[in-house]
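Listed here are the chains, written in short residue letters.
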Amino acid sequence: MGIPISELPRHKTARIIELVGGHEFQRKLRNLGIREGKIVRILADQPFGGPVVIEVDGRATTIGRGMARGVLVEPVE
Amino acid sequence: MKKIVLMGNPNVGKSVVFSRLTGARVVSSNYPGTTVDYTHGRTCLGEEPYEIIDAPGTYSLAPTCKAEEVACDMFSEGDVVLNVIDATNLERNLLLTLELLETGKPLIIALNLWDEAKTTGISIDYHALSDLLGVPVIPTVALSGEGIKELVDNIGYARPGTRLDLTCDEEKWQKIGCIIKEVQKVRHRHPTPLDRLATASIRPVTGIPMAIGILLLLFWMVRFIGEGLITYIFNPLFDLYLPVITGFSDWLGPGILQELLIGRLFDGEIDFVQSLGLLTTGLYVPLAMVLPYIIAFYLMLALLEDSGYLPRLSTLSDTVFHRIGLHGYGIVPLFLGLGCNVPGVLATRNLETRKQRFIAATLVCISVPCMAQTAMIFGVLGPYGMGYIAIVFVTLLTVYLSTGLVLNRIMKGISPEICLEIPPYRIPEPGIIAKKTWMRIRAFLIEAIPYLFLGVLMVNVLYLVGFLDWIGALFAPVISGLLGLPPDAATALLAGFLRKDLAVGMLLPLGMTPQQLVIAITVLTIYFPCVATFAVLFRELGIRDLAKATAIMIGVSLLAGTLLKLILIGV
Ligand SMILES: Nc1nc2c(ncn2[C@@H]2O[C@H](COP(=O)(O)OP(=O)(O)OP(=O)(O)O)[C@@H](O)[C@H]2O)c(=O)[nH]1
Ligand SMILES: [Mg+2]
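**Focus: the nonpolar core**
All names here are of chain B.
Next up, step 1: In terms of nonpolar packing, the biggest core is built from 123 residues, with V290, L326, L381, Y400, L485, L507 and L537 touching the most fellow members.
Next up, step 2: Ranked by residue count, the leading element in this core is helix α11 (residues 281–307), at 15 residues.
Next up, step 3: Residue assignment places this core across two domains, with domain 1 (2–186) and domain 2 (204–568) each supplying three or more.
Next up, step 4: In this view, L537 contacts V345, A361, C365, P529, G542, L546 and M553; residues no more than four positions away in its chain are not counted.
Next up, step 5: Core analysis: the next-biggest nonpolar cluster, separate from the first, contains 37 residues, F75, L90, L95 and L96 among them.

**Notes on the site of ligand 1**
All names here are of chain B.
Next up, step 1: Neighbouring residues of ligand 1: 24 residues in total, closest K14, S15, G33, T34 and T35.
Next up, step 2: Within the contact set of ligand 1, an oxygen atom lies 3.0 Å away from a backbone nitrogen or oxygen of N11.
Next up, step 3: Between T34 and ligand 1, the recorded distance is 2.8 Å, taken from a backbone N or O atom to an oxygen atom.
Next up, step 4: In isolation ligand 1 offers 650 Å² of accessible surface; the protein chains occlude 97% of this area.
Next up, step 5: For the shell around ligand 1, the secondary structure elements donating two or more residues are α1 (14–22) and α4 (114–119).
Next up, step 6: Among the elements that take part in the shell around ligand 1, α1 stands out by supplying 3 residues, more than any other.

**Considerations on the packing of α11(B) against helix α13 (residues 331–339) of chain B**
Residue and element names in this part refer to chain B.
Next up, step 1: Between α11 and α13, the least distance of the axes is 10 Å, while the angle of their chain directions is 155°. By the angle between their directions, the pair α11 and α13 is classed as roughly antiparallel. Judged by the sense of rotation from one axis to the other, the crossing of α11 with α13 is left-handed. Listed contacts from α13 to F297, Y298, L301, L304 and E305 of α11 are F335, L336, L338 and G339.
Next up, step 2: By residue class, the composition of the contact of α11 with α13 is 7 nonpolar, 1 polar and 1 charged.

**Some words on the interface of chain A and chain B**
Next up, step 1: Each partner contributes to the interface: chain A provides 31 residues, whereas chain B provides 31 residues.
Next up, step 2: Counting each side, the surface lost to burial between chain A and chain B is near 2600 Å², with a carbon and sulfur contribution of 50%.
Next up, step 3: When the area that chain A buries against chain B is broken down by residue, the three leading residues are A:N31, A:L32 and A:R59, summing to 26%.
Next up, step 4: Taken together, the elements giving at least two residues each to the side of chain A that touches chain B come down to α1 (23–31), β3 (39–45), β5 (59–63) and α2 (65–69) of chain A.
Next up, step 5: With 6 residues, the top contributor of residues to the side of chain A that touches chain B is α1(A).
Next up, step 6: Residue composition of the side of chain A that touches chain B, by class: 11 nonpolar, 9 polar and 11 charged.
Next up, step 7: In terms of strand pairing, β5(A) meets strand β11 (residues 419–422) of chain B through 4 bridges, oriented antiparallel. Across the sheet, the residue bridging to A:I63 is B:C419, located in β11(B).

Reading the values: the criteria
Residues numbered from 1 in each chain as written. Chains lettered and ligands numbered in written order. Predicted model: local features only at pLDDT ≥ 70, side-chain atom pairs only at ≥ 80, totals over all residues. Heavy atoms only, no water. Core = buried A, V, L, I, M, F, W, Y, C linked by side-chain atoms within 4.5 Å. Buried < 20%, exposed > 50% of the residue type's maximum accessible area, 1.4 Å probe, protein only. Helix = DSSP H or I, 4+ residues; strand = E, 2+ residues; numbered from the N terminus. Domains from an automatic or database assignment. Contact = heavy atoms within 4.5 Å. Near = heavy atom within 4 Å. Polar contact = N/O pair within 3.5 Å; in protein donor to acceptor, adjacent residues only side chain to side chain. Areas by Shrake-Rupley, 256 points an atom, 1.4 Å probe, with all protein chains shown as cover. Axes fitted to C-alpha atoms, helices over the stretch in contact; angles between N-to-C directions. Parallel < 35°, antiparallel > 145°, perpendicular 65-115°, else oblique. Left-handed = near helix turned anticlockwise from the far one by under 90°. Nonpolar A, V, L, I, M, F, W, Y, C, P; charged D, E, K, R; others polar. Buried area = accessible area lost by both parts, 1.4 Å probe. Pairing = 2+ DSSP bridges.

And the structure:
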């Protein structure tokens, strides 16, 4: 069982295990390199329900909080 | 003639490659979504002439916004595909490459940003990559031109490549994983202080103060450079011009030609701002009042664009834009619109839904004054102090936000969340900055001067035939009754269809109080876009949405103008 990436503490790294959402949603994220098996890290977390900035393969991507809730991860050491 | 189309993910350097290949100038910037329309260019490869097409970036052949639709349309037009890929981001870029290979069109790959890949410790065996895909792969550094010659020499060898017969995305990603394992080595790199600064600029606690600082600095720089150019270059030039044109005016003597070319004389003297002649105001407004600020603004905009800061600003401001039915990318049409509304409206093509595009385009037209107009606002209101200028801009900001809030509520359709790639910071290349700034200044000169001449001419002719008095009388109930302005202000509003900078200048001879000027300028900004913007709005929105947008503009301008009058002048 994974946790949404939006709940991952900053600086913790994690592995993406599942993208929960519609077909379009999954495609959009995968096109940006955010997909199952990838190691991710939270770079920034905007307040008031704003977006989160995550890093995958050394590249930062901003995604809305709603989308971030659909990205399930498990923390790795 | 064979057509070569440039395809690739956003922000991989397609436009720079295009400029290198054709010598044609197109805008390139360090954020995804710079190119929103196609550009044709020509080049000779060996003996054979080719047509080359620069297209917007896309992540796949299934478009998710209008800009990507354009890219996919262009793809189907091309005979040969030049796939530009980002060497620092190979894995993600290969998805589109596989999709392109599947179509069976002849393909050649430019492995661009090769310099950055090297410095970030990524090495790619491009020979192996070429063997695996069955198409030529040429490493390039578009910025310096490295590898472009090899690219040109190899275009003839573009070929359909290996058919991989992958049915679903899952299989494609697996295949890409295998390819990456075979051809790419990444040396682990510890974060540098620069990386830490980069991260700090996107975290709210550190990023928001930085953003405020940067925006204030930019604003200050625009004023500093603009005023400097006026004081030390353009005004002295017009001081030299004054005796010449005065002599010419005396030689002409009173008559219709003097009226048209020189305009009205004040105590027998020419007044460059108020005379309203073709050779006086028609030259002075665009060259000495507006151009200096255009130069200053576009220089700063180019620095902002090429550094890669805009996507960070998008991220930090996303929450605000989300409330008005947009997302953080809305900052791009806003900033481009501050230069000229036309590219501002065009940039809305990067937004995903019709609702978002409508809101973004309408808001740009309603409350984003272009630089030409802003320059005139400073010129006209400046002598009364910054306070009055601040009232205009605070009003416009309020209008922007409140109109957005309302539109977001009442419009059907959805507003997807932000999903934006953040490019690395790059040090702007002086040559590119200079070229880009010059391109935009040239576009201003080519478009502004004819329209301004037309505007000045129209005002003069309409004045002579008495049409303007008639218009003034017709709109007096609104202009004077509602807004508290002299009836003659209607003339300026009319001229605003052609050029808003001219219209702001025309308010000066009316002898208004600063409060009246504030109202007139605000209404002038909101009520209607200039013809150039109107035409683009028509193309982008279609006739029905254009009609809606226009109704909103007129309604909001009257509302804002009336409220301002009640606040500033009283009942
Ligand atoms: N260091 C380096 N920078 C490059 C290279 N090629 C392009 N750039 C920079 O990368 C940024 C993006 O270039 P563009 O040509 O605008 O990219 P594009 O693919 O046309 O982008 P869109 O039109 O948004 O799809 C610009 O800031 C360029 O100066 C390169 O080979 N090396
Ligand atoms: Mg481009």
